[in-house]
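Results of the structural survey
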Amino acid sequence: MSTPPPVRAALLRTDQIHANPRNVRHSLELDEEFLNSIEENGVLVPVVVVQQDQDGPDAEAVYELKMGHRRHAAARLRGIESVASLILDASLREAGQDYIEQLIENDASFRRALSPLEQADALFGALEDGASVAIVARRTGRSKEQVSQAADAARRLGQGTRTVLEANDAYDLDLEVLAALGEFDDDPNAVARLIKAHQNGTFTYELSQERTERTERTARKARCAELKRDGIRLWEDASNLPPRAQWLEDLVDADGQDLDEAAHARCPGHAVVWDDTGSADPAAVAALCLNPAAYSHYTPGTEPAARHTSSTAADPGDQNDDAEDGHEGAEEDEEAKRAAAEQAERARAEAEAKAAAEAAERKKEHHRKIAGNKAYRAAAEARRAFLRQLLARKSAPKPLSAWVTRTLLTCPKPVQSWTGDTTRSAILADLLAVATDENTAASAEQRATWTGSSATPTRLLFVNFAVIAACYEKRIEKPNTWRQDQPDWDTEEIRADARLYLAFLAELGHQLSPVERNIIDDTPFETEEEPAATPLNDADNGEPAQGADPED
């Protein structure tokens, strides 16, 4: 084993240093990015040289490169006159050492670039030390936006997220993913789910779900405070309501008039549940009465006014028949009465068991519908994010041109609906990243400017595709599109259009979410078992807890 040679440092002129004829690298690959970095920052890592024999005692010293051929060549090309150098003692060099050192210095297995997170930490550190974004961008060859994004990602990632990254060996995530993880720095479980989704190729979908659920939790927490302030009971689990409970919209008063929600708030049976039927407001609630019969509320047709009208029109002979039946019933012997009572008890037990089983099935289905609607909304957001990225590309995927042409020629139902209306125009503007007034449909003249003044053929193809995509997105936007039980008369037609559209997006590179895959394969959406509901504690308000009927 050779001993480390004596070394001395010096600042040498670049024209004093010559390339090593034994350098095995065939191409220095001096790309523009590397050259710009050398020009901006100089040669940060000293080159290694040995002094060559001089032609005479007064001749100027010249040196042969041992390490740093790319740095030296870049410095000369960019007009840098001198570079920091380490000068080795040539007499201590061993046979073959030049080649061995080239292998060791340039072996990729011995070198490791900074991970995106480490790069982000470095950029953030530079800004924290007082360097401006402009200076950092110029010296590192990045745009100002890239520097700001990376620094923001590093700033957001607290120790909790970094611990999860370490546990999952996920330091190689790109800056866009790291920035998204920073949003959930206070929720390590969400970070872990997102990392797993990234590994499975469903990151965009999972991110959409996590954002939606976080928004819902925040909105519902605020709404809970409002409801408690107003003295309105919130029933958290709509699938576990008391048997007598009915939606307020399905009830009338004694005179057959619809109930007013504001007035009904004074009723002891008034309560609300989260409206998970597809409302755009994550904290929307639906009103109900927990025991309508106890508070003189009725389903239409059973109110006193309706019964009175019905009884006056009834056949008097029916009343005589009822009296005779009652008389015959009174004459039954005791044994028949016991048999009837036992039969009634068995029937009651069977009915209760059946009702319990049906209630459990309804609860399971209710949970599945809520989960399916949420999954479908998250999939739609992830899908539109994919479309925005696709439409911003410089080159179009190969299948796109043929599909657009075929779709325009066959003109399926989604495309037939294009009229430049407000909703489809808004979707189109969103996909093309065009700022518009959300409440006003863009005019034909305005839409004509969305291609740009000097659009390339590729850009024009993308715009045509965006129009078609906007039509399909509108066509399949209902959250219940995933359902196989045809909740609307045209759901199956919509699902057929969705299959065609989603399958093509997958061909373009869209990572299908599970619920989108269910639609394409025409398979049922599956969800995890619903966690046990936590009853709302109303003890401090003197109100019954969930699961208790106010009249029991």
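Further up the page is the structure itself.
So, here is what we can say about the structure in this document.

With that settled, consider a nonpolar patch on the surface. A cluster of nonpolar residues, Ile 100, Leu 103, Ile 104 and Phe 110, forms a patch on the protein surface that exposes about 450 Å² of accessible area. Mapping Phe 110 onto the fold places it in the loop between helix 3 (97-106) and helix 4 (116-128). Judged by relative accessible area, which is 57%, Phe 110 ranks as exposed.

Attention shifts here to the packing of helix 14 (residues 334-391) against helix 17 (residues 422-431). With their axes 9 Å apart at the nearest point, helix 14 and helix 17 run at an angle of 60 degrees to one another. Here helix 17 runs oblique to helix 14, going by the angle between their axes. Contact residues: helix 14 offers Arg 384, Leu 387, Arg 388 and Leu 391, while helix 17 offers Ile 427, Asp 430 and Leu 431. Taken together, the residues of the contact of helix 14 with helix 17 sort by class into four nonpolar, no polar and three charged.

As a further point, take the pattern of salt bridges. Summed over all chains, the structure comprises 40 salt bridges. With a closest N to O distance of 2.3 Å, Asp 152 and Arg 155 form a salt bridge. With a gap of three residues between them, Asp 152 and Arg 155 both fall in helix 6 (residues 144-156), about one helical turn apart. Taking the shortest distance from any N to any O, the salt bridge between Arg 475 and Glu 493 comes out at 3.8 Å. Residue Arg 475 is located in helix 19 (residues 457-475), and its partner Glu 493 is located in helix 20 (residues 491-508); the two are separated by 18 residues in the primary sequence. One continuous salt-bridge network, built from bridges that share partners, spans Arg 22, Glu 64, Lys 66, Arg 93, Asp 98 and Glu 101.

Turning next to the pairing of strand 5 (residues 82-88). As paired strands, strand 1 (residues 7-13) and strand 5 are joined by seven bridges and run antiparallel to one another. Residue pairing for strand 5: Ala 10 is matched across the bridge by Ser 85. Of the pairings in the sheet, the one linking strand 3 (residues 47-51) to strand 5 comprises four bridges and is parallel in character. Residue pairing across strands places Val 50 opposite Leu 88, the latter belonging to strand 5.

Our focus in this paragraph is the packing of aromatic side chains. Under the criterion given, the structure shown has six aromatic pairs. On the basis of an interplanar angle of 65 degrees and a centroid distance of 6.4 Å, the ring pair of Phe 465 and Phe 504 is categorised as edge-to-face. Separated by 39 residues along the polypeptide, Phe 465 in helix 19 and Phe 504 in helix 20 bring together distant segments of the chain. Exposure remark for Phe 465: the relative accessible area of 0% places this residue in the buried category. Given the relative accessible area of 5%, Phe 504 is considered buried.

Here Thr 407 lies in helix 15 (residues 398-410). Along the primary structure Thr 407 and Ile 468 are separated by 61 residues, whereas in three dimensions their C-alpha atoms are 8.1 Å apart. Here Thr 407 is in contact with Pro 412, Val 415 and Ile 468, once residues within four sequence places are set aside.

The final tally for this structure, using the stated rule, is two cavities of 30 Å³ or more. Counted as a void, the largest cavity has a volume near 50 Å³. If you trace the largest cavity, you find 11 residues lining it, with Ser 425, Ala 426, Thr 436, Asp 437 and Thr 440 closest to the centre.

Before going further, it helps to examine the sheet that holds strand 5. Reading across from one edge, 1-5-3-4-2 is the order of the five strands in this open sheet, with mixed pairing throughout. The strands lining the two open edges of the sheet, one partner per strand, are strand 1 and strand 2 (17-18). Helix 2 (residues 69-77) contacts strand 2, strand 3, strand 4 (63-67) and strand 5 of the sheet and is inclined by roughly 125 degrees relative to strand 4.

One can find Ser 208 in helix 10 (residues 203-229). For Ser 208, the contacting residues outside a window of four places in its chain are Arg 377, Ala 378, Glu 381 and Ala 382.

This brings us to the sheet that holds strand 8 (residues 285-289). Spatial strand order, 6-8-7: three strands in an open sheet with antiparallel pairing. Because the sheet does not close on itself, it has two edges, and the strands there are strand 6 (246-247) and strand 7 (270-274). Where strand 6 and strand 8 come together, two bridges link them in antiparallel fashion. Within strand 8, the position partnered with Trp 247 by the bridge is Leu 288.

Between its first and last C-alpha atoms helix 10 spans 39 Å; for 27 residues at 1.5 Å apiece the expected length is 39 Å, and the two agree. Residues of helix 10 that are buried: Phe 203, Tyr 205, Glu 206, Leu 207, Ser 208, Gln 209, Glu 210, Glu 216, Arg 220 and Leu 227. Count one or two residues on from helix 10 and you reach Gly 231, which has phi positive near 75 degrees.

Among the nonpolar cores identified, the biggest contains 44 residues, and Leu 387, Leu 400, Trp 403, Phe 465, Tyr 501 and Leu 508 are the most heavily contacted of them. Of all elements in the fold, only helix 14, helix 15, helix 17, helix 19, helix 20 and helix 21 (514-521) reach the threshold of two or more residues within this core. Considering every element that reaches this core, the biggest residue donor is helix 14, with 10 residues. Among residues more than four places away in sequence, those in contact with Trp 403 are Phe 465, Ile 468, Tyr 472, Tyr 501 and Phe 504. Counting residues in hydrophobic clusters, the runner-up holds 19 residues, among them Ala 153, Ala 179, Leu 194 and Ile 195.

As a further point, take the packing of helix 6 against helix 8 (residues 175-182). Their axes nearest at 8 Å, the elements helix 6 and helix 8 cross at an angle of 40 degrees. One way to sum up the angle between helix 6 and helix 8 is to call them oblique. The way helix 6 lies across helix 8 gives a crossing that is left-handed. Contacts between helix 6 and helix 8 pair Gln 149, Ala 150, Ala 153 and Arg 156 from the former with Leu 175, Glu 176, Leu 178, Ala 179 and Gly 182 from the latter. When the residues that make up the contact of helix 6 with helix 8 are grouped by side-chain class, the tally is five nonpolar, two polar and two charged.

Right, let's get into the environment of Gly 372. Within the element layout of this structure, Gly 372 appears in helix 14. Take Gly 372: its relative accessible area is 0%, and that puts it in the buried class. In the structure, Gly 372 is positioned 143 residues away from Val 515 in sequence and 7.4 Å away in space, judged by C-alpha atoms.

Here the focus is helix 1 (residues 32-41). Listing the buried residues of helix 1 in full gives Phe 34, Leu 35, Ile 38 and Asn 41. One side of helix 1 carries all its buried residues, which in axial view fall inside an arc of 155 degrees. For helix 1, the elements touching its buried residues are helix 2 and helix 5 (133-140). Where helix 1 begins, the side chain of Asp 31 points an oxygen toward the backbone nitrogen of Glu 33, at a separation of 3.1 Å. Where helix 1 terminates, the next one or two residues include Gly 42, which has phi positive at roughly 75 degrees.

What counts, and at which threshold
- Residues numbered from 1 in each chain as written.
- Predicted model: local features only at pLDDT ≥ 70, side-chain atom pairs only at ≥ 80, totals over all residues.
- Heavy atoms only, no water.
- Patch = residues over 30% accessible without salt bridge, like charges linked within 9 Å, V, L, I, M, F, W, Y side chains within 5 Å.
- Areas by Shrake-Rupley, 256 points an atom, 1.4 Å probe, with all protein chains shown as cover.
- Salt bridge = Lys/Arg side-chain N within 4 Å of Asp/Glu carboxyl O.
- Helix = DSSP H or I, 4+ residues; strand = E, 2+ residues; numbered from the N terminus.
- Buried < 20%, exposed > 50% of the residue type's maximum accessible area, 1.4 Å probe, protein only.
- Axes fitted to C-alpha atoms, helices over the stretch in contact; angles between N-to-C directions.
- Parallel < 35°, antiparallel > 145°, perpendicular 65-115°, else oblique.
- Contact = heavy atoms within 4.5 Å.
- Nonpolar A, V, L, I, M, F, W, Y, C, P; charged D, E, K, R; others polar.
- Pairing = 2+ DSSP bridges.
- Phe/Tyr/Trp six-rings, centres within 6.5 Å; stacked < 30°, edge-to-face > 60°.
- 1 Å grid on protein atoms, 1.4 Å probe; cavity = no way out; pocket = protein on both sides within 12 Å on 5 of 7 lines; lining within 4 Å.
- Points joined across faces, edges and corners; volume = space filled by probe spheres on them.
- Expected span 1.5 Å × (residues − 1).
- Core = buried A, V, L, I, M, F, W, Y, C linked by side-chain atoms within 4.5 Å.
- Left-handed = near helix turned anticlockwise from the far one by under 90°.
- Arc of directions from axis to C-beta.
- Polar contact = N/O pair within 3.5 Å; in protein donor to acceptor, adjacent residues only side chain to side chain.

Spatial relationships are all this shows, so hold off on functional conclusions.
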